[in-house]
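# Residue-level structural notes
Single-letter residue listing:
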Amino acid sequence: MRLSQLFTKTSKTIPAGETARNAQLLIQAGFIHKEMAGVYSYLPLGKRVLDNIADIVRKEIGGIGAVEVQLSVLQPKEIWEKTGRWNDEVVDNWFKTQLKNGTEVGMSLTNEEPLANTLSDFVNSYKDLPTYIYQIQNKFRNELRAKSGLMRGREFLMKDLYSFCRTQAEHDTFYERAADAYMKIYAQLGIGDITYRTYASGGIFSKFSDEFQTLSHVGEDTVYIHEGRRLGVNREVFTDGVLAELNLNRDELVEKRAVEVGNIFSLGTKYADALDVYFTDEEGRKQSIVMGCYGLGISRLMGLLAEHFADERGLVWPEAVAPAKVYLARLGNGPDTVKQADELYNRLTDAGVLVLYDDRDMRAGEKFADADLIGIPYRVVISDKTVAAGVYELKERRQSEPRQLGSDELVKALGIPG
RNA sequence: CGGGGAGUGGCGCAGUCCGGUAGCGCACCGCGUUUGGGACGCGGGGGUCGCAGGUUCAAAUCCUGUCUCCCCGACCA
């Protein structure tokens, strides 16, 4: 992507009306635009980060046998009435609206009911199960108070996975595989070492649910971490009884603030039963389906990563999610300089490397400041000086001093084949 | 929803207490000089001061209502 063709700009000033560091940085660097409290649009750079996170999620969730769908955002109230969740006193953060004829509809905040209902068209036999279905979809929750930038929005991007199993044992096996996949995802995002599987309240279906909590000073949750066992206990279930049950000693736990980056639940048979979705077993008997649901906030993760991977000059994206791998800054307009910069841009692009090519007619300081703010992992400078000296200049975002490299060394340093 | 703070060119702010018809920095446009860490000079364009009422000869400024944003708390399938 050539920056001369990118409509967004960075700003020298931190936006007023945002105190959350993630929102300040992402707005200042032009990744997102605030539409209203808790609602953000994703601009070209932000969209890339979001897609990169989503792709990592797709790979891991697909890897445990789930298939992707795209469910509707508008949902009929009848389905939700079957499980009692249309009632505002049961679920108080619905966005509801009406069709022209007065029919009420809700906007997707989760999808157990519509997906189970959809499945009833296809699942009849034990041979049809188990099945695992997920999607990456915007969710709408009418939060009383949105806050902390991308961390708690009213519209946000979430991966939601649902499992449909024949027995509790079959469910339990998949549940653990899902938990493992979650930890793989966090590891690839660079937060594996500060993310803990955490016991949390399970609702009415099971004693506990499992949250995935990433330690952060901006976290909304208080958790108690056992480093040796790599697990946490959410304050909401932090009682002597629970500790005894989990064989945990208060003295070994450390209180921390954390961000909930995932939450997985065992749902039992309640939803499928309520929606009249059953299967016939080997003996010809009607059986209930055991469900599980598995949420993971994509946009919240983007906010968390922005918050966590940043310094005083701006964002410092992990390579796995960065909007580009290389920031190519061209300094000067000498014909040889332009030619060499264009050539490197094309070569990297052809090799499948995403490059932000700063081909704008601006001063070096501005380009360097933008490169730092946007937080691309590698910065390559091509200037009249480097061309004359026959070298390329490479600097990693995390480092302060650049290196002078020859063409082959540069390609090697960037990990490009050939 | 309770408490606190804030809405003034695209962005960040001053002006409000003490009413007199809006200013600064950045950004933007033109010319010139610059050119490796956010350059400089000169000249420009752009704002019914969130909105609606009210008081007054006169309102960004005073009064009332209302909307929005931020923070703390509560809440959070």
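All values reported here derive from a predicted model rather than from experimental measurement. (Residues numbered from 1 in each chain as written. Chains lettered and ligands numbered in written order. Predicted model: local features only at pLDDT ≥ 70, side-chain atom pairs only at ≥ 80, totals over all residues. Heavy atoms only, no water.)

## Structural notes on unusual backbone geometry
- A cis geometry characterises the amide bond from L129 onward to P130, with omega recorded as 0°.
- Phi at S148 takes a positive value of approximately 60°, unusual for a residue other than glycine.
- In this fold, S148 is placed in the loop between β7 (131–140) and β8 (155–165).
- On the basis of relative accessible area, S148 is assigned to the partly exposed category, the value being 25%.
- Look at R230: it is not a glycine, yet its phi comes out positive at around 55°.
- Considering the arrangement of structural elements, one finds R230 in the loop between β11 (221–226) and β12 (231–234). (Helix = DSSP H or I, 4+ residues; strand = E, 2+ residues; numbered from the N terminus. Buried < 20%, exposed > 50% of the residue type's maximum accessible area, 1.4 Å probe, protein only.)

## With respect to the protein's contact with RNA strand B
- Around RNA strand B, a shell composed of 39 residues is seen, among which R145, R152, D372, S383 and E393 lie nearest.
- When atoms of RNA strand B within 4 Å of the protein are split into backbone and base, the sugar-phosphate part holds 49%.
- Between RNA strand B and R145 there is a distance of 2.5 Å, counted from a phosphate oxygen to a side-chain nitrogen or oxygen.
- In this structure, R379 approaches RNA strand B through a side-chain N or O atom, which is 2.6 Å from a base oxygen.
- Secondary structure elements with two or more residues in the surface near RNA strand B: β1 (32–36), β13 (254–268), α10 (364–374), β21 (378–383), α11 (384–389) and β22 (392–396).
- Ranked by the residues each element gives to the surface near RNA strand B, the list is headed by α10, at seven residues.
- When grouped by side-chain class, the residues that make up the surface near RNA strand B number 16 nonpolar, eight polar and 15 charged. (Near = heavy atom within 4 Å. Polar contact = N/O pair within 3.5 Å; in protein donor to acceptor, adjacent residues only side chain to side chain. Nonpolar A, V, L, I, M, F, W, Y, C, P; charged D, E, K, R; others polar.)

## What about the packing of aromatic side chains?
- Counted according to the given criterion, the structure contains 12 aromatic pairs.
- With a centroid separation of 6.0 Å and 50° between ring planes, the pair formed by Y175 and Y294 is classed as tilted. Of this pair, Y175 sits in helix α5 (residues 168–188) while Y294 is found in strand β16 (residues 290–297), placing the two residues 119 residues apart along the sequence. Here Y175 matches Y294 in class, with each residue buried.
- Note on Y182 and F212: the rings are 5.1 Å apart at their centroids and 45° apart in plane angle, and the pair reads as tilted. In this pair, Y182 is assigned in helix α5 and F212 in strand β10 (residues 208–215), connecting sequence segments 30 residues apart.
- The exposure class of Y182 is buried, given its relative accessible area of 0%.
- On the basis of relative accessibility, which here comes to 0%, the residue F212 falls in the buried class.
- Of the aromatic side chains, those joined through ring pairs into one cluster are Y132, F174, Y175 and Y294. (Phe/Tyr/Trp six-rings, centres within 6.5 Å; stacked < 30°, edge-to-face > 60°.)

## Some points on the domain arrangement of chain A
- Taken as a whole, chain A is organised into domain 1 (3–308) and domain 2 (326–413).
- The interface is formed by 10 residues belonging to domain 1 together with 10 residues belonging to domain 2.
- Taken together, both faces of the contact between domain 1 and domain 2 bury some 910 Å²; the carbon and sulfur share is 69%.
- Together, L3, T10 and R48 form the three largest contributors to the area buried by domain 1 at its contact with domain 2, with a combined 55%.
- Where domain 1 touches domain 2, the interface holds three residue pairs in polar contact (both at pLDDT 80 or more).
- Contributions of two or more residues to the side of domain 1 that touches domain 2 are made by α1 (21–28) and α2 (44–63).
- Along the lines of polarity and charge, the residues of the side of domain 1 that touches domain 2 split into five nonpolar, four polar and one charged. (Domains from an automatic or database assignment. Contact = heavy atoms within 4.5 Å. Buried area = accessible area lost by both parts, 1.4 Å probe.)

## Observations regarding the pattern of salt bridges
- For the coordinates displayed, the defined rule picks out 32 salt bridges.
- Across the salt bridge formed by D210 and R197, the nearest N and O atoms sit 2.9 Å from each other. Taken as a pair, D210 in strand β10 and R197 in strand β9 (residues 195–201) lie far apart in primary sequence, 13 residues in all.
- Ionic pairing is found between R360 and D370, a salt bridge with its closest N-O pair at 2.8 Å. Here R360 is found in the loop between β20 (355–358) and α10, whereas its partner D370 is found in helix α10, with 10 residues between them in sequence.
- You can call D370 buried: its relative accessible area is 8%.
- One connected set of salt bridges, linked through shared partners, spans E143, K147, R152 and E220. (Salt bridge = Lys/Arg side-chain N within 4 Å of Asp/Glu carboxyl O.)

## Describing the nonpolar core
- In this structure, F31, M302 and W317 are the most contacted members of the largest nonpolar core, which totals 71 residues.
- Mapped onto the domain boundaries, this core takes at least three residues apiece from domain 1 (3–308) and domain 2 (326–413).
- Residues contacting W317, with those up to four places away along its chain left out, are L26, F31, V49, M302, L305, A306, A322, P323, I374, G375 and P377.
- Formed by 24 residues, the second largest nonpolar core is a distinct cluster that contains V91, L115, L119 and I133. (Core = buried A, V, L, I, M, F, W, Y, C linked by side-chain atoms within 4.5 Å.)

## Focus: the packing of α2 against helix α8 (residues 298–308)
- It is the contact of α2 with α8, at a shortest axis distance of 10 Å, that shows an interaxial angle of 115°. Relative to α8, α2 is oriented so that their crossing is right-handed. Here G46, V49, L50, I53, A54 and V57 of α2 come into contact with α8, specifically with I298, S299, L301, M302 and L305. (Axes fitted to C-alpha atoms, helices over the stretch in contact; angles between N-to-C directions. Left-handed = near helix turned anticlockwise from the far one by under 90°.)

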